[in-house]
Amino acid sequence: MVATVASAVLGVVLGAVTKNVVALVVKLVEKRCELWKGFQNDMDFIKRELLMIAGAEEDRLSGRCDPSAVKSISMEEMRDLAHDIEDCLDRILRDTAECGGEASSLLRRVKAVVSPRYADEIKKLKERLKAAHQRKLDYNVNGGEPSVAGPAAALEFPVAANTAAAARVFEPVGIEKPKREVLELLDEVEGQPEQLSVISIVGFGGSGKSTLARAVYDSPEMAGRFPHRAWVVASEYRGDTRGLLMALFAELHPGDRANGDARQMQADIANHLNDKRYLIVFDDIEEQQWDFLKSTFPEKTSSRIIVTTTVQAVGNVCSHGHGNVYNMRTLDVKHSNDLLEAVLKDHLPGFEQSSKTIVNKCDGNPLALVSVANYLLRKNVLTEKDCEQICHSLGYYMTKEYAFRKLKQVLTNNYTSLPGHPLKTCLLYLCVFPNGHTIRRSSLTRRWLAEGYVQCKHPRSAFLAADENFEELIDRNIIRPTNSSRSAKVKTCRAHGIMHEFMLHMSMSAKFITSLGDPDRSNYRHLFMENPSCGKGLEMTHHHSIPTCGSTSGSEKLRARSLTICGSAGEAVADFTKCELLRVLDLEECTDLVEDNINGIHKLWHLKYLSLGATICNLPRKIEKLHCLETLDMRKTKIDTLPLEVVKLPHLAHLLGKFKLGIGKNDSKMSELCKFLSKESNLQTLAGFVADGSQGFPMLMVHMRKLKKVKIWYTATGEDSKSSADLSEAINKFVQDEIDTSVGIRSLSLDLGNSSGNILRSLENLYGYLSSLKLHGALSGLTQFATSLCGLTELCLSSTNNLTSNELSNLNKLMHLEHLKLVRVSLGTFVIRRRDFPRLLRLCLVQCSNIPTIEEGGLLKLVSLQLLCEDLEGLSGIKIESHKHLQEVVLDSTVRSETITTWENAAKKHPKKPRILFLQSVGPDMLKYVATERPSSEMGSSTVRGKREIHDVQPSLVIDLDSAMKRMRFSVPSPASTEMPRARAGTT
């Protein structure tokens, strides 16, 4: 082993250094040979141990067994060992790679590789592992069968004093509106043939899906329409299809006994239902169960089936074809208070003055509100201090107190149902952000990648794997979308408030995440700091008074892999360099960061993700030492000139901000930089740079071979033909790079201002590949460029000059276009004909003076229509019944009440019953929108109630126009308030 290592190192050295240096290196290696005997075996041993520890930890965190005290101690020891092993390997990686091509650097590298410190450390780790395994044997840690956590586990909770009162059944709160809307979905559409319809009620655990389904099922309207009804709790028959059919048979044939196998029962049920009108509810169904059941039910009937599920994809599958998906919404503040009062009325003096904290913490989840209320029944008087204490430690109470047993079960199921340890880790990682904090999808997935929490077989698929993890969490309704855009792709999200509390407690218990103010912080993997103005503290009562990283000990070293600061950090922000193994440093929301604080950032060799905020105007020159940096996010900074050293970072993939390069064409470094970019650049996202007439970035962009996303602000004044030619050449090269393969996402955003004439004319004869194109500025003459791009699926045009109807009509050549957005464009006599845009799914018109004419048979695949035009009159000639797949219509909240009523009536007659949603324009240019409730006619058309998420539809490319094409189905929940679950039955 020693000879092999020595030969490998010396093979590199011999070609680059003198004989004297070689002799010195040989002597150095020989002195350390003894310590390195068996090193390879030791490394293999601890790598296998890491895999075993990870698997055992997954079992423990997944709740598959209820560990004993001894086993918990053993697992904690193994986890600490795993952390020490990972730290050791990271230091070895840093010391062996931190060198250049000079002889002295190679010598330092050899010294690092053969350092006796590492050989000795590895041996000690191996000895500790053997000792830990021996202790497990000595104390019989794995002896006997573990006690499986199941329904009986809830009985181990201490019983609250007022359990009898808590068990009472209360009338659901706020149920009438959602019940009415689901009943409307169940109605038959006039003129449509009889057809079985499936309504899927989808939402997060505890949101009231079962209670809503029960309210509909028990309503007099349903009893009159459907004389044959059945209610089956599908979750009780996981993996038991025969048991599921027997339960359905028993509901349809009370008192009769089912005979035969599953297929025979299916035939019997189908024969029984063949000529009957029926309503069947499957509560908490899985996709496999529906796949088995669906062939049981006759289709040529006006009967109805309701299913409830937490998984969006399952709801979509069940309702595919002739059905609808109803998405639950959290309770608003009023209904949250009503729910608490329904449980606590006449029981708790002082509640009215103290309930706000509880309402905020529960985040509109009915089951969470009921659980907290049931726990409070043990109190004689409720003070504001009591409420704060409960909310600060809510995660702890959820795991210990009887009143929270149902909530704990629901939240635990959300976590344990996730496939695989990596996805569970990605979910827990969300707790580094404050509760209620909006998280950008792109930032989160890049952080997951930087942390190594995304597993994939091929490097090229790493980003796709991270994206799939995000989609999985959204699909399961475990995290909430707050802003979605084109193709229903969610752009921002946040964790459900109650789930965040639960996950944070789990993460802290597992020494995964903690506050920077935790005295035991040196043993945690991820640190966060929250300021009250940015987000309330959760469990840590010391959030408002946080010591600096080095306050415990001047030589303290933190083993954290990430540090996230939101708000004011005080002296702590200057001590991040004590986290020598840091991979992620997020200071984007840090309000008191100064440039002197980041002068030592070059010491963080492992850093892969760096995000800075509005207090930073310049980057330190030593930033070139951040060898591993993959993402540099400067979008919120005041940095306008980028140091040349940043572009040369070998692993940099995502460069975000608005900057120019301080280098001229004749600069002596330009040639060197171009050679580097051609061979070694890993840059994939350049969003973006300012082209102001200098030849910096346009010239360099030609040599960036891996670019996928580019954003450019063109600010050159006058007819600068040279600068426009350079930019045109760069764009030409970018769009033609993958013209032969035409695969992958390639996005180009151009803010052309009023100087686009030369650029667009130079691109007229261009033929290339893009998937997304966003243009803002003087766009006359653009269609030749846009229509020359093959594979274009998204087009956003925001014009300061009017486009002609002929130019707009030329866009019909874009046969693959799925998303079209036009902002402040005069549409004139624009007509969308029968065969135009055959694949268009979403059409968004923002503040356009008129609406295009859509001929009969046009836009047959349209699913989303956004008409954010305040002067909209009635249907404006649009026949929504012709768009058979239409799922939503979004209107400006200031349109006349008569127009709203007209659209709502038309939607009720549509087979898919598309939802009518509303946005109100805000901001100085009125080009940002906030989602609202339906305007009340008596309050005036401009009144807005219940403001929620903000949706950017601003044309200026200062704001990412990916947020333009909203998919409101996901970003704005169905316009209904959920209700209090029945205390006796609980809520899924």
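The protein has the name NB-ARC domain-containing protein in an unreviewed UniProt entry, where Urochloa decumbens is given as its organism. The protein has a UniProt comment under Sequence similarities (unreviewed entry) that states "Belongs to the disease resistance NB-LRR family."

Asker: Go over the overall build of the protein, please, and point to the residues and values.
Answerer: Counting its regular elements, the protein contains 33 helices and 32 strands. The contacts in the protein between residues at least 6 apart in sequence include a share of 64% that link residues at least 24 apart. In the structure as shown, the protein presents an accessible area of about 41,200 Å², 50% of it carried by carbon and sulfur atoms.

Asker: Help me get a handle on the packing of aromatic side chains, residues and values and all.
Answerer: Overall, the coordinates contain eleven aromatic pairs when judged by the stated rule. Note on Tyr375 and Phe404: the rings are 5.7 Å apart at their centroids and 45° apart in plane angle, and the pair reads as tilted. Here Tyr375, found in helix α17 (residues 366–376), pairs with Phe404, found in the loop between α19 (394–400) and α20 (405–416); they are 29 residues apart in sequence, far enough to count as distant. Comparing Tyr375 with Phe404 shows no difference in burial state: the two are buried. Connected via pairs of aromatic rings, a cluster forms that spans Tyr278, Phe282, Trp290 and Phe297. For the cation-ring pair, Arg447 lies above Tyr609, with the distance from its terminal atom to the ring centre recorded as 6.0 Å.

Asker: Explain unusual backbone geometry to me, using residue names and the numbers behind them.
Answerer: Cis geometry is found at the peptide bond from Ala687 to Gly688, where omega equals 0°. Within the element layout of this structure, Gly688 appears in strand β17 (residues 685–691). Of note in this structure, Asp363 is not a glycine but carries a positive phi near 55°. For Asp363, the position within the fold is in the loop between α16 (351–362) and α17. Although it is not a glycine, Leu859 adopts a positive phi angle of roughly 50°. Tracing the chain through its elements places Leu859 in the loop between β27 (853–854) and β28 (864–868). Residue Leu859 is classed as buried on the basis of its relative accessible area, which comes to 1%.

Asker: Hey, could you go over the sheet that holds strand β4 (residues 304–309) for me, with residue numbers and the actual values?
Answerer: Strand order in the open sheet formed by five strands is β2-β3-β4-β1-β5, with parallel pairing between adjacent strands. The outermost strands of the open sheet, each flanked by one partner alone, are β2 (228–233) and β5 (323–327). Ignoring which end each strand starts from, the neighbouring axes of this sheet average 15° apart. Where strand β3 (residues 278–283) meets β4, four bridges bridge the pair, whose relative direction is parallel.

Asker: Break down the pairing of strand β11 (residues 562–567) for me, citing the residues and quoting the values.
Answerer: β11 sits mainly inside the fold: six of its six residues count as buried. Two elements, strand β10 (residues 526–530) and β11, share five bridges in a ladder whose sense is parallel. The partner of Phe528 across the bridge, within β11, is Thr564. Of the pairings in the sheet, the one linking β11 to strand β12 (residues 584–590) comprises five bridges and is parallel in character. Bridge pairing in β12 places Thr564 opposite Asp586.

Asker: Mind laying out the side chain of Asp518, listing which residues take part and the relevant values?
Answerer: Relative to the elements of secondary structure, Asp518 occurs in the loop between β9 (513–515) and β10. Polar contacts involving the side chain of Asp518 include one to the side chain of Thr514, which spans 2.8 Å.

Asker: Quick rundown of the pattern of salt bridges? Include the residues and the values.
Answerer: According to the stated counting rule, one finds 24 salt bridges in the structure shown. Here Glu176 makes a salt bridge to Lys179, at a shortest N to O gap of 3.7 Å. With a gap of three residues between them, Glu176 and Lys179 both fall in helix α8 (residues 176–186), about one helical turn apart. With relative accessibility at 15%, the residue Lys179 sits in the buried group. Residue Asp633 pairs with Arg440 through a salt bridge whose shortest N-O separation is 3.1 Å. With Asp633 in strand β14 (residues 631–633) and Arg440 in strand β6 (residues 439–440), this pair connects stretches of sequence that are 193 residues apart. Residue Asp633 is classed as buried on the basis of its relative accessible area, which comes to 1%. Salt bridges linked by common partners bring Arg440, Glu588, Glu589, Asp633, Arg635 and Lys636 together as one network.

Asker: If you had to explain the pairing of strand β30 (residues 915–922) to someone new, which residues and values would you point to?
Answerer: Among the eight residues of β30, seven are classified as buried, and the element is accordingly described as predominantly covered. Alignment of strand β29 (residues 888–892) against β30, held across five bridges, turns out to be parallel. The partner of Val890 across the bridge, within β30, is Leu917. Taken together, β29, helix α32 (residues 897–908) and β30 form a β-α-β motif whose crossover is right-handed. Summarising the sheet, β30 and strand β31 (residues 928–932) pair through five bridges and their orientation is antiparallel. Directly across from Leu919, in β31, lies its bridge partner Ala931.

Asker: Outline the confidence of the model for the protein, listing residues and values.
Answerer: Looking at the protein as a whole, the pLDDT averages 76, with 73% of positions reaching at least 70. Taking the mean pLDDT of every element in the protein, the minimum, 30, falls on helix α1 (residues 2–14) and the maximum, 96, on β4. Low pLDDT (under 50) marks residues 533–553, which in the prediction has 65 contacts with non-local residues, meaning those over four places away or in another chain.

Asker: If you had to explain a positive patch on the surface to someone new, which residues and values would you point to?
Answerer: Among the surface-exposed residues, Lys557, Lys603, Lys622 and Lys625 lie close enough to one another that they form a single positively charged patch. Mapped onto the secondary structure, Lys557 falls in the loop between β10 and β11. Under the relative-accessibility criterion, Lys557 is labelled exposed at 51%.

Asker: Can you tell me about the packing of helix α15 (residues 333–344) against α17, naming the residues and giving the values?
Answerer: Geometry of a packed helix pair, given as the angle between the helix axes and the separation of the axes. The interhelical angle for the contact between α15 and α17, taken along N-to-C directions, is 35°, at an axis separation of 9 Å. Along this stretch, α15 crosses α17, giving a crossing that reads as right-handed. Counted together, Ser336, Leu339, Leu340, Val343 and Leu344 of α15 and Pro366, Leu369, Val370, Ala373, Asn374 and Leu376 of α17 form the full contact between these two elements.

Conventions we followed
- Residues numbered from 1 in each chain as written.
- Predicted model: local features only at pLDDT ≥ 70, side-chain atom pairs only at ≥ 80, totals over all residues.
- Heavy atoms only, no water.
- UniProt positions renumbered as here; feature names shortened; annotations may be inferred.
- Helix = DSSP H or I, 4+ residues; strand = E, 2+ residues; numbered from the N terminus.
- Contact = heavy atoms within 4.5 Å.
- Areas by Shrake-Rupley, 256 points an atom, 1.4 Å probe, with all protein chains shown as cover.
- Phe/Tyr/Trp six-rings, centres within 6.5 Å; stacked < 30°, edge-to-face > 60°.
- Buried < 20%, exposed > 50% of the residue type's maximum accessible area, 1.4 Å probe, protein only.
- Lys NZ or Arg CZ within 6 Å of the ring centre and 35° of its normal.
- Pairing = 2+ DSSP bridges.
- Axes fitted to C-alpha atoms, helices over the stretch in contact; angles between N-to-C directions.
- Polar contact = N/O pair within 3.5 Å; in protein donor to acceptor, adjacent residues only side chain to side chain.
- Salt bridge = Lys/Arg side-chain N within 4 Å of Asp/Glu carboxyl O.
- Right-handed = clockwise from strand over helix to strand, strands pointing away.
- pLDDT = per-residue confidence, 0-100.
- Patch = residues over 30% accessible without salt bridge, like charges linked within 9 Å, V, L, I, M, F, W, Y side chains within 5 Å.
- Lys, Arg positive; Asp, Glu negative; His and termini not counted.
- Charge placed at Lys NZ, Arg CZ, Asp CG, Glu CD.
- Left-handed = near helix turned anticlockwise from the far one by under 90°.

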